[in-house]
Amino acid sequence: MNYLAELLASGLAVGAVYGLIAMSFAIIYKSTGLLNFAQGEMGMIIAYVAWSISTSVDGNPFIVALGSIGFAVLFALAVERIVIRPMMSEPILSQIMVTIGLSVIFRSAIILIWDGLPHNMAIASGNQLVDLGGVRVRAAQIAVLVALFAAIAGMWAFFRYSRFGVAMRAVASDDATAQLMGVSSGKVQMAAWAAAAVLSGVAGVLFAIAYELSPSLYALGLKAFPATILGGLDAVIGSAVGGLIIGVTENLVGGYISSGLKEVAGFVIIILILMVRPYGLFGEKRIERL
Amino acid sequence: MNYVKGLAAAALLALPAGMATADQGVTDTEILLGEVEPLTGPPGLLGVAHNLGVRLALAEVNAKGGIGGRQLRLIAEDDGYVTSRTIQSLRKLIGVDKVFALTSLSGSGQALASMPIIKQSGIPAMVPIGPLPPLYEPPSDNIFVVGQSYTEGMHQLALYLAKEYPGAKWGIILQDDDYGKSLGEGIEQAREEADINVVFETEYARGQKDFASEMLRVKDAGVEVLIAGGIISENIAMVKEAEKLGITPVIATFWPGRVPEVLKAIGPASDGIYGVDYVAPIQSEAGQAFLELARKYLTEDEVARVNRYTMTGYSSTRALIEAMKGCADDLTWACTIEKLETNPPIDTGVMDPIGFGPDNRFSNSGVTIMRADYETLSFAPVGE
């Protein structure tokens, strides 16, 4: 029983990391129709900035959080304004290629600005072990789950009750009509990019605290993207659930069947679910009127 | 694999005609050398350190007047550990830059894929990173491999652990590629010679970051000796998971991760981890003398990046330079290859002396079993 509980706990923790990044993919897609393939790399750069800040302020969690969130917002706004927005009228394939190009540049930037070495990210008590009824987890793993549920609640309230959230949904639904109604699609895009960067940054930082900070951190984005597909590309909260499903499935398969099947297990589930629900578990079925 | 072979074949066909000029890269004032290695991405940890070693060897000889009055210059190409980029870079170095010799062909897989180009061109090439048997068995005239095979290193490590921990339950976690296969072969060889009771064995996909389920199975199986067959990040994740689960098996890792940064990233749980290597620890007398030399020719930032790959890069390049020195009056590929073959072994102090022979293109370095000391962030030979 404890074995199962430990597998579930680890699966939920890593699934929460996937979930936060998956939400980032979905927020940008929902608001702009664009898939940002540099999302994992953006999370990695924010984690490195957080590490740089933490080493200069002796790991003070408040300064690290404020500094990292501030950087994430500015970084995302700069990318959106300088690189993405001028491309928005171009074919979608070109836009996607730009994000792939950005991902390569961001990966190289890590070596140019920092280094290729693994680092221990010591922020507050993030690395401390906590015993939850016989199941040992790191504090950062609890924090990432809390962050995911906070993000889910925040996003639900934002899209349902805030004027800006409703505006974002309007832009996602029909960009042209929303603009005629006075909604600024530019502002919506900026907000989406900033929110996505903060979420993926939180995921990157907490993963680095629990495990290690290294230039391979971007690979989390590759694991999170299938979670977005599973939850539904336009379903922000559904993507979070998709991340948890993939994290738990991977761990159960690795724990009970074989490590070799661990990496493919999530994709098998995606194929099965997409065969039944092509728009993902929580995605909206779009009706094309002719 | 077919894709890699296809790339290599295509690259071979595309080599410029007349490329194999024996004395290319040599002018009255300069000798041009080239190398390919990962300088970006996670494998940059080894590529950057190797590059420093080669530059150190060049700076040392240049400070003493070069070879026959010619200064040595290096062109380093970054392949990001991607084989297709290795092939492109080699074509550029040999055909466009026209370097005289090569000081690295990147990692083991990249070097294997490069062999047709290197053999056809005839350019002297040193292979100090990832020495795999197919690179030197059968020997190729112009390819010189330095170090020790992963298989033999793991063979020795497993034999040592079997003797030290008789009757222990073993767990083995390996990467599902050539690297993991080589380590697996080393363990198999040891199992034929010693009593090794493996109770858990698994492979993981390259790039995996979460090892929670693997380590839970290690715990469940009651493993007492664990072979953590990852490269760098994977081993960090495995040891941290063991710490999280509250288990304390004897953990053994392999030389790609034998760098201080790995111990620092793991934290106190890294204390006592076993390692194996054919290169002297940086804290040893030879390692300290090497650091002293590095401080003479490299910047402070660069010295901070020195690790075992700097030592192998330096030693291998020194062997090449000594051969070239012997041909200073008639610097040709044929002469350099002959000198590499016949020169007495070159001793740099940080690994076994490097030497080759008429039918031997592998300078075989003996391995040392080591243990990590977290307090000093270093590895020391066992028994010291």
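Residues numbered from 1 in each chain as written. Chains lettered and ligands numbered in written order. Predicted model: local features only at pLDDT ≥ 70, side-chain atom pairs only at ≥ 80, totals over all residues. Heavy atoms only, no water.

### Some remarks on helix α10 (residues 285-297) of chain B
Residue and element names in this part refer to chain B. An ideal rise of 1.5 Å per residue puts 18 Å on 13 residues; α10 measures up with 19 Å between its terminal C-alpha atoms. All of the buried residues along α10 are Gly 287, Phe 290, Leu 291, Leu 293 and Ala 294. Mapping the buried residues of α10 onto a view down its axis gives an arc of 160°, with all of them on the same face. Away from the buried face of α10 by more than 90 degrees, exposed residues Glu 285 and Lys 296 are located. For α10, the elements touching its buried residues are α2 (44-63), α11 (300-304) and α12 (308-325). (Helix = DSSP H or I, 4+ residues; strand = E, 2+ residues; numbered from the N terminus. Expected span 1.5 Å × (residues − 1). Buried < 20%, exposed > 50% of the residue type's maximum accessible area, 1.4 Å probe, protein only. Arc of directions from axis to C-beta. Contact = heavy atoms within 4.5 Å.)

### Concerning the nonpolar core
Counting residues in hydrophobic clusters, the biggest one holds 112 residues, and the most contacted among them are Met23(A), Met121(A) and Met215(B). Every residue in contact with Met215(B), bar those within four places of it in the chain, is listed here: Ile173(B), Leu226(B), Met238(B), Glu241(B), Ala242(B), Leu245(B) and Ile247(B). Membership of the second largest hydrophobic core comes to 98 residues, among which are Val54(B), Val279(B), Ala319(B) and Cys327(B). (Core = buried A, V, L, I, M, F, W, Y, C linked by side-chain atoms within 4.5 Å.)

### So, the pairing of strand β5 (residues 143-147) of chain B
All names here are of chain B. The buried fraction of β5 amounts to five of the five residues, a majority that puts the element mostly inside the structure. Here strand β4 (residues 125-127) pairs with β5 via three bridges, running parallel. In the strand pairing of β5, Ala 125 is matched with Ile 143. As paired strands, β5 and strand β11 (residues 362-364) are joined by three bridges and run parallel to one another. Directly across from Val 145, in β11, lies its bridge partner Phe 362. (Pairing = 2+ DSSP bridges.)

### Structural notes on the packing of α2(B) against α10(B)
Residues and elements named next belong to chain B. Where α2 contacts α10, the two axes come as close as 10 Å, and the packing angle between them is 65°. It follows that α2 is roughly perpendicular to α10 by the angle criterion. For the pair α2 and α10, the crossing hand works out as left-handed. Touching Leu 56, Ala 59, Glu 60 and Ala 63 of α2 are Phe 290, Leu 293, Ala 294 and Tyr 297, all from α10. Within the contact of α2 with α10, the residues separate by chemical class into seven nonpolar, no polar and one charged. (Axes fitted to C-alpha atoms, helices over the stretch in contact; angles between N-to-C directions. Parallel < 35°, antiparallel > 145°, perpendicular 65-115°, else oblique. Left-handed = near helix turned anticlockwise from the far one by under 90°. Nonpolar A, V, L, I, M, F, W, Y, C, P; charged D, E, K, R; others polar.)

### Structural notes on the environment of Leu39(B)
In this structure, Leu39(B) sits in the loop between β1 (30-37) and α2. Considered as a pair, Leu39(B) and Glu77(B) are 38 residues apart in the sequence and their alpha carbons are 8.0 Å apart. Those residues in contact with Leu39(B) that sit more than four places away from it in its chain are Ile111(A), Gly44(B), Gly47(B), Val48(B), Asn51(B), Ala76(B), Glu77(B) and Asp78(B).

### Points about the interface of chain B and chain A
Contact with chain B, which involves 34 residues of that partner, is made by 39 residues of chain A. Between chain B and chain A, roughly 3000 Å² of surface is buried when both sides are summed, and carbon and sulfur atoms account for 54% of that area. For the interface between chain B and chain A, the tally reads four salt bridges. A salt bridge links Arg138(A) to Glu243(B); the nearest nitrogen and oxygen atoms lie 2.8 Å apart. Linking chain B with chain A are 20 residue pairs in polar contact (both at pLDDT 80 or more), by the criterion used here. (Buried area = accessible area lost by both parts, 1.4 Å probe. Salt bridge = Lys/Arg side-chain N within 4 Å of Asp/Glu carboxyl O. Polar contact = N/O pair within 3.5 Å; in protein donor to acceptor, adjacent residues only side chain to side chain.)

### Comments concerning the domain arrangement of chain B
Residues and elements named next belong to chain B. The domains assigned to chain B are domain 1 (2-148 + 287-364) and domain 2 (151-277). For domain 1 versus domain 2, the distance between C-alpha centres works out to 31 Å. Every contact between the two is made by seven residues of domain 1 and, on the other side, ten residues of domain 2. Counting the surface lost from both domain 1 and domain 2, the interface buries some 860 Å², and carbon and sulfur atoms represent 62% of this. On the surface where domain 1 and domain 2 come into contact, there are one salt bridge. Close ionic contact of Asp 277 with Arg 308 constitutes a salt bridge, the shortest N to O distance being 2.5 Å. Inspection of the region where domain 1 meets domain 2 yields one residue pair in polar contact (both at pLDDT 80 or more). Per-class residue counts for the side of domain 1 that touches domain 2 are four nonpolar, two polar and one charged. (Domains from an automatic or database assignment.)

### Considerations on the side chain of Thr317(B)
Here Thr317(B) is to be found in helix α12. Here Thr317(B) is in contact with Val54(B), Ala57(B), Leu58(B) and Thr103(B), once residues within four sequence places are set aside.

### Points about the pattern of salt bridges
Across all of its chains, the model carries 22 salt bridges over all chains by this definition. Note that Lys92(B) and Asp97(B) form a salt bridge whose closest N and O atoms lie 2.7 Å from each other. Through salt bridges that share partners, Lys223(A), Glu250(A) and Glu263(A) make up one connected network.

### A short note on the UniProt feature "transmembrane region" (unreviewed entry) in chain A
All names here are of chain A. The feature "transmembrane region" (unreviewed entry), as annotated in UniProt, sits at residues 7-29, 62-84, 96-117, 137-159, 190-211 and 264-282 in this numbering. Annotated as 82% helix and 0% strand, the span residues 96-117 places its first and last C-alpha atoms 30 Å apart. The span residues 190-211 carries 95% helix and 0% strand; its end-to-end C-alpha distance comes to 31 Å. (UniProt positions renumbered as here; feature names shortened; annotations may be inferred.)

### Examining the state of the cysteines
Should the sulfur atoms of two cysteines be covalently bonded, the bond is a disulfide. Residue and element names in this part refer to chain B. Scanning all chains against the criterion turns up one disulfide over all chains. Put simply, Cys 327 and Cys 335 are joined by a disulfide, and their sulfur atoms are 2.1 Å apart. Judged by the torsion about the S-S bond (-95°), the Cys 327/Cys 335 disulfide is left-handed. Overall, Cys 335 belongs to the buried group, its relative accessible area being 15%. (Disulfide = S-S within 2.5 Å.)

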